[in-house]
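An overview of the molecular structure
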Amino acid sequence: NRGTLDKYIGDAIMAFWGAPVDDAEHARHAVRAALEMQRVLRTLDASFAARDWPALRIGVGINSGTMTVGDMGSEVRKAYTVMGDAVNLAARLEGITKQYGVGVAIGEDTRARLTDFVCREIDRVRVKGKDTPVAIFEPLGEAAVISAELRAELALWDEALRLYREQDWD
């Protein structure tokens, strides 16, 4: 999906989009890759269960924004990578997936770029390093393939979230 594999960090993989080749659709490509990763994991579940292995679960955090990209480091050791606040937020979103039980969490800047995807707002959270809460979303898929049943469920979710924020417990 046109991403650049950056590095392995323990059991994590870091990738980014839009460099070294510009990609006007970087948000779409990143989210497609994340959703495909989740789909493939679900297909592995049956074969893992047949071997009595535990199911694999991964969390993916995606954020868009201004970042520094290029060779970072020293003359002795360099790496082509990205750095900046937008990158840090993506890392925080990856960690948030466990707390909310979702496979993919995206930031509001990524959400704004996904005009043809259906996303569910999960919450507004104050992540480490930020004073104001940020909205986080779960991408559900491309709008053209989302079922009417899922759209109805999403409408109920949105209404429940609105009532919760208004503290309308009844």
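This write-up is about the structure you can find in this document. Computed from a predicted structure; not experimentally measured.

We now examine the packing of aromatic side chains. Enumeration over the complete set of coordinates arrives at 3 aromatic pairs. With 5.1 Å between their ring centres and 80° between their planes, phenylalanine 48 and tryptophan 53 make a pair best called edge-to-face. Relative to tryptophan 169, the ring of tyrosine 164 lies with its centre 5.6 Å away and its plane at 65°, an arrangement referred to as edge-to-face. Residue tryptophan 169 is classed as exposed on the basis of its relative accessible area, which comes to 60%. The cationic tip of arginine 120 hangs over the ring face of tryptophan 157; the distance from NZ or CZ to the ring centre is 4.2 Å.

All right, on to the nonpolar core then. If you look at the biggest cluster of nonpolar residues, it comprises 13 residues, and the most contacted ones within it are Val31, Ile62, Val104, Ile106, Leu114 and Cys119. Of all the elements in the fold, those that place two or more residues in this core are α1 (26-50), β3 (60-62), β6 (104-107), β7 (117-125) and β8 (134-142). Looking at which element gives the most residues to this core, the answer is α1, with 4 residues. Setting aside chain neighbours within four positions, we find isoleucine 62 in contact with Ala30, Val31, Ala34, Ala90, Leu93, Val104, Ala105, Ile106, Gly107 and Thr110. In this structure, Val102, Val125, Val127 and Val134 belong to the second largest nonpolar core, which totals 10 residues.

Attention now goes to the environment of leucine 44. With respect to the helices, strands and loops of the structure, leucine 44 is situated in helix α1. Note: C-alpha distance between leucine 44 and glycine 101 (57 residues apart in sequence) is 19 Å.

Apart from glycine, the bulk of residues carry a negative phi angle, and the bulk of peptide bonds sit in the trans form. With an omega dihedral of 5°, the bond running from alanine 19 to proline 20 counts as a cis peptide bond. Positive phi, close to 55°, is recorded for glutamine 167, a residue that is not glycine. You can see glutamine 167 is positioned in the segment after α4 (148-165).

Definitions and limits used
- All residue numbers refer to position in the chain's written sequence, counted from 1.
- Where local features are concerned, this predicted model is filtered to residues with pLDDT of at least 70; where side-chain atom pairs are given and counted, the filter is 80 or more; whole-chain, interface and lining totals use all residues.
- The basis for every side-chain value is the complete set of heavy atoms in the structure, and neither hydrogens nor water enter the calculation.
- Ring pairs shown here join Phe, Tyr and Trp side chains whose ring centres sit within 6.5 Å, with only the six-membered ring taken for Trp; geometry is labelled stacked below 30 degrees between planes, edge-to-face above 60, and tilted in between.
- A 1.4 Å probe rolled over the protein chains alone gives each residue an accessible area, and that area as a share of the maximum for its type sets the label: buried under 20%, exposed over 50%, partly exposed in between.
- Distance and angle both matter: a charge sits over a ring if NZ of Lys or CZ of Arg is within 6 Å of the ring centre and within 35 degrees of the ring normal.
- Working definition of a nonpolar core: buried Ala, Val, Leu, Ile, Met, Phe, Trp, Tyr and Cys residues. They are joined through side-chain atoms within 4.5 Å.
- Helix and strand definitions here come from DSSP, where helices need a minimum of 4 consecutive H or I residues and strands a minimum of 2 consecutive E residues; each element is numbered from the N-terminal end.
- Contacts were defined at the residue level, with two residues in contact if any of their heavy atoms lie within 4.5 Å.

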